Amino acid sequence: MVNPELQEELELFRDNIRRFIDAEILPHYEEWEKQEIVPREIWNKLGEQGLLAVDVPEEYGGFGTSFHFAMLIIEEFGRANCSSLSAPMAVHSDICAHYVLNNGSEEQKQKYLPKMVTGECLGAIAMTEPGAGSDLQSIRTTAKRDGDDYIINGSKIFITNGQLCDLVIVAARTNLDVKGAAGTSLFLVDADTPGFTRGRNLDKIGMKASDTSELFFEEVRVPASAILGELDRGFAVLMNELPRERLSLAVAAVGAAEGILAETIEYVNERQAFGSPISKFQNTKFELAKVATDIRLNKAFVNECVGLFEKGELDAQSVSMAKYASTEMQSHVADRCLQLHGGYGYMREYGVS
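How each quantity is defined
- Residues numbered from 1 in each chain as written.
- Predicted model: local features only at pLDDT ≥ 70, side-chain atom pairs only at ≥ 80, totals over all residues.
- Heavy atoms only, no water.
- Phe/Tyr/Trp six-rings, centres within 6.5 Å; stacked < 30°, edge-to-face > 60°.
- Helix = DSSP H or I, 4+ residues; strand = E, 2+ residues; numbered from the N terminus.
- 1 Å grid on protein atoms, 1.4 Å probe; cavity = no way out; pocket = protein on both sides within 12 Å on 5 of 7 lines; lining within 4 Å.
- Points joined across faces, edges and corners; volume = space filled by probe spheres on them.
- Buried < 20%, exposed > 50% of the residue type's maximum accessible area, 1.4 Å probe, protein only.
- Polar contact = N/O pair within 3.5 Å; in protein donor to acceptor, adjacent residues only side chain to side chain.
- Contact = heavy atoms within 4.5 Å.
- Core = buried A, V, L, I, M, F, W, Y, C linked by side-chain atoms within 4.5 Å.

Asks: So what about the packing of aromatic side chains? Which residues, and what values?
Replies: Enumeration over the complete set of coordinates arrives at 7 aromatic pairs. Ring geometry for Y150 and F187: centres 5.3 Å apart, planes at 55°, overall tilted. Within this pair, whereas Y150 is found in strand β3 (residues 149-160), its partner F187 is found in strand β5 (residues 184-190), the two being separated by 37 residues in sequence. An aromatic cluster of three or more residues is present, and its members are Y267, Y344 and Y350.

What follows is the structure in structure tokens.
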């Protein structure tokens, strides 16, 4: 449980987030979904509103808030059914920015973090490859030493923020003499570096406004100072950052489920059948009760994990369970609530679709 003073601040911040979503996001969101990308300037607006990387320390341009504020942003964008923004925001604020904060040199932190807070520098992380999928120990992208530089060659796929990013954190093999992940390093690559190109914006079945891309690296030359963390220790960095990544997904899932439920309750109270609102039907009440119970149980677990993370006590097993349980719950909630909409659940004008 958070203390009452912090809770009051969180609720004020929640109101601020909701007002921003209502004014700047929801009126345009469906058009962005059709265009399959959000305008680049939205990231600058998010930064101006103080909604990016909020828990980055003040010395690096952030606000130095507690972790609760960062998760509240993800929760509210999820609740508003704006997953095409909540997921990219999590990649930028809760993954890329904290990779730099927790593993970067002082020069790297000073260079990138202030602009990541303002939205001037949008981050992406390039791990997945066409032939390796999520098996990071089988990546084939290489970074070979050449004097004081490294030359990167390879390709990545399914990269969130790939079309709009200004900075890419690239996982590459730097030691081919060892097996698996032992010879993997991370590099900070600016998007204007010669040899870096973006492929097509991939056509997905969901989260269409979230740009997801192929990325190509052909003789991309970066200085040794672009290494993030230690040479050949990139996989350890990836593993250390997983708890925050998994927890942000769990928070987003709970927020999205709450939003689906709220929208469904509104619908069943308005929708008439057989002379009365369908909310009066016993089956409707049963289904909503099941959904509300699942959400409440998962939210309690996820909130517990948020508190543990804030104290540095969250273990890998607990956060993995939270991520698994909450995302499974989100899927079940969406399915049950869609059924309560009947045929209208399949129409894009209804958010549950």
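Asks: Can you tell me about empty space enclosed by the protein, naming the residues and giving the values?
Replies: For the coordinates displayed, the defined rule picks out 1 cavity of 30 Å³ or more. Lining the largest cavity are L51, L52, A53, V54, A70, I73, I74, M89, S93 and D94. At the level of secondary structure, the elements contributing two or more residues to the lining of the largest cavity comprise α3 (67-79) and α4 (83-103).

Asks: Now, about unusual backbone geometry: what can you tell me, with residues and values included?
Replies: Working note: non-glycine residues mostly have negative phi, and peptide bonds are mostly trans. Positive phi values are uncommon outside glycine, yet M207 reaches one of about 45°. Tracing the backbone through its elements, the reader meets M207 in the loop between β6 (196-201) and β7 (212-223). One non-glycine residue, F274, lies in positive phi territory at about 55°. Residue class for F274 comes out exposed when judged on its relative accessible area of 83%.

Asks: Describe in detail the side chain of H341, supporting the description with residues and values.
Replies: Tracing the chain through its elements places H341 in helix α8 (residues 316-341). Separated by 2.8 Å, the side chain of H341 and the backbone oxygen of C337 make a polar contact. Every residue in contact with H341, bar those within four places of it in the chain, is listed here: E263, T264, Y267, Y350 and V352.

Asks: How would you sum up the nonpolar core? Please name residues and give values.
Replies: Core analysis: the biggest nonpolar cluster contains 58 residues, and I25, W43, L46, F77 and L85 have the highest contact counts within it. When contributions to this core are tallied by element, the ones reaching two or more residues are α1 (4-35), α2 (41-48), α3, α4, α6 (234-270), α7 (282-310) and α8. Sort the elements by how many residues they give to this core and α6 lands first, with 10 residues. A53, V100, L136 and L186 belong to the second largest nonpolar core, which has 27 residues in total.

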